[in-house]
There are 2 protein chains.
Amino acid sequence: MNQHEIRFIEMQKALKKHKYKVTPQRLAILKILAYNISHPKIDEIYEILRKTFPTTSPATVYKTVAVLKELNEVLEIQYSDKGNRYDGLTPIPHPHICCTVCNKVFDIQAINFDDLINKMEKETGFEIHHVRMDVNGICQECRNDP
Amino acid sequence: MNQHEIRFIEMQKALKKHKYKVTPQRLAILKILAYNISHPKIDEIYEILRKTFPTTSPATVYKTVAVLKELNEVLEIQYSDKGNRYDGLTPIPHPHICCTVCNKVFDIQAINFDDLINKMEKETGFEIHHVRMDVNGICQECRNDP
DNA sequence: ATACGTGCAAATACTTTGCAGGCTT
DNA sequence: AAGCCTGCAAAGTATTTGCACGTAT
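Starting afresh in each chain, residues are numbered from 1 along the sequence in its written order. Working convention: letters from A go to chains and numbers from 1 go to ligands, in the order in which they are written. Since the coordinates come from a predicted model, pLDDT governs what is reported: local features require at least 70, and pairs of side-chain atoms require 80 or more to be given and counted, while whole-chain, interface and lining totals use all residues. Values shown for side chains rest on all heavy atoms present in the structure; no hydrogens or waters enter the calculation.

Visitor: Could you give an account of the protein's contact with DNA strand D, naming the residues involved and the relevant values?
Guide: Residues are counted as near a molecule or strand when any one of their heavy atoms sits within 4 Å of it. Neighbouring DNA strand D are 18 residues; Arg26, Thr55, Thr56 and Lys63 of chain A together with Tyr62 of chain B lie closest to it. Taking the atoms of DNA strand D that fall within 4 Å of the protein, sugar and phosphate contribute 67% of them. Polar contact is the term for a pair of N or O atoms within 3.5 Å; when the atoms are in protein, one must be able to donate a hydrogen and the other to accept it, and sequence-neighboring residues count only if both atoms are side-chain atoms. The contact in question runs from a phosphate oxygen of DNA strand D to an N or O atom on the side chain of Arg26 of chain A, over 2.6 Å. Thr60 of chain A is positioned with one of its side-chain polar atoms (N or O) 3.4 Å from a phosphate oxygen of DNA strand D. Helix and strand definitions here come from DSSP, where helices need a minimum of 4 consecutive H or I residues and strands a minimum of 2 consecutive E residues; each element is numbered from the N-terminal end. When contributions to the surface near DNA strand D are tallied by element, the ones reaching two or more residues are α2 (24-35) and α4 (58-70) of chain A together with α4 (58-70) of chain B. Its residues assigned to classes, the surface near DNA strand D comprises six nonpolar, seven polar and five charged. In the scheme used here, Gly and all other residues not listed as nonpolar or charged are polar, with Ala, Val, Leu, Ile, Met, Phe, Trp, Tyr, Cys and Pro taken as nonpolar and Asp, Glu, Lys and Arg as charged.

What follows is the structure in structure tokens.
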């Protein structure tokens, strides 16, 4: 079982556990979020969903995503100008780096996130709940291969 | 000369250098951005500006901030739900921490961001162009004062 | 003097809400 | 059977644009 299947199942379980109904529309949205590595926007999810449910509306997508957000089954990445993006694959905050040329996404292993959080809590006096870190640039391959 | 005065002057220079007119309204907005450490939102800037210019409008604030953004004299921190915030004091990307109770935004000085970026470039082979780091939690004041 | 800036209002884009009928549990 | 879910439309909210008048250079 790969990570996509795992997430698809996990999200369904989360809905059931919290007494949310698992409708065909919701299943389709879950599948899009579980199998898509590109952090889709609401309207991208909506466009894919329309292929199976031609009469659906963006409101349905917004409502289902809101539920998943509440259950921490999807990570919302806020962009006020480009439209928010949603990550259903790794809904816990994690640093990732995205190549602006080939759009491949890599995890960043180098940084000790826990260390960093401890340091920040000490300095700021905050009780830290959530860390968001997005890095953009050009990857090795695309730099060598113009 | 403290950092606030320095930024106030720098922003004025940037406007003049690029042939933008320095109007009383713009001067007032520059001053708000240079002296405010709480990363104000457009409507917060607008409310302060109204005290001196009772007939001004949000559009004027948006337009001036857009110019400063273009000149890299202000950093836009995007929040799709809470409204964007603007940092005129440190207009290069740097980590922010936002209290989920009082919504105030602070800078994080403790971690050496340049170091971090170097480390990431070395490990990933990326040429890094942009880093966004947002931290959420509860600030000291709100923890003491429930 | 002239071109740019201001500030009103209308337009746009994104997201949320209200509601009637349908479907999951 | 009961209540949540869907999907349409309308309402919010944040931001941008158009335009006539005023002002900085």
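Visitor: Give a detailed account of the packing of aromatic side chains, specifying residues and quantitative values.
Guide: Residue and element names in this part refer to chain A. Stacked, tilted and edge-to-face are the three classes applied to pairs of Phe, Tyr and Trp rings, where Trp contributes its six-membered ring and a pair requires centres within 6.5 Å; stacked means planes under 30 degrees apart, edge-to-face means over 60, and tilted covers the rest. Across all of its chains, the model carries three aromatic pairs over all chains by this definition. Measuring from centroid to centroid gives 6.3 Å for Phe8 and Tyr35, while their planes differ by 65 degrees, and the two rings are edge-to-face. Linking Phe8 in helix α1 (residues 3-17) with Tyr35 in helix α2, this pair joins segments that are 27 residues apart in sequence. Each residue is assigned to one of three classes by its accessible area relative to the maximum for its type, calculated with a 1.4 Å probe on protein chains only: buried under 20%, partly exposed between the two thresholds, exposed over 50%. By relative accessible area, Phe8 is classed as buried at 12%.

Visitor: Tell me about the environment of Glu73 of chain B, and name the residues and values.
Guide: All names here are of chain B. Examined against the element boundaries, Glu73 turns out to sit in the loop between α4 and β1 (75-77). Assessed through its relative accessible area of 14%, Glu73 is described here as buried. On a C-alpha basis, the gap between Glu73 and Gln3 in space is 14 Å, while along the polypeptide they are 70 residues apart. Note on definitions: a residue-residue contact is assigned when non-hydrogen atoms from the two residues lie within 4.5 Å. Once residues within four sequence positions are removed from consideration, Glu73 is found in contact with Arg7, Glu10, Met11, Ala14, Leu68, Gly88 and Pro91. Here the side chain of Glu73 touches Arg7 through a polar contact of 2.9 Å, side chain to side chain.

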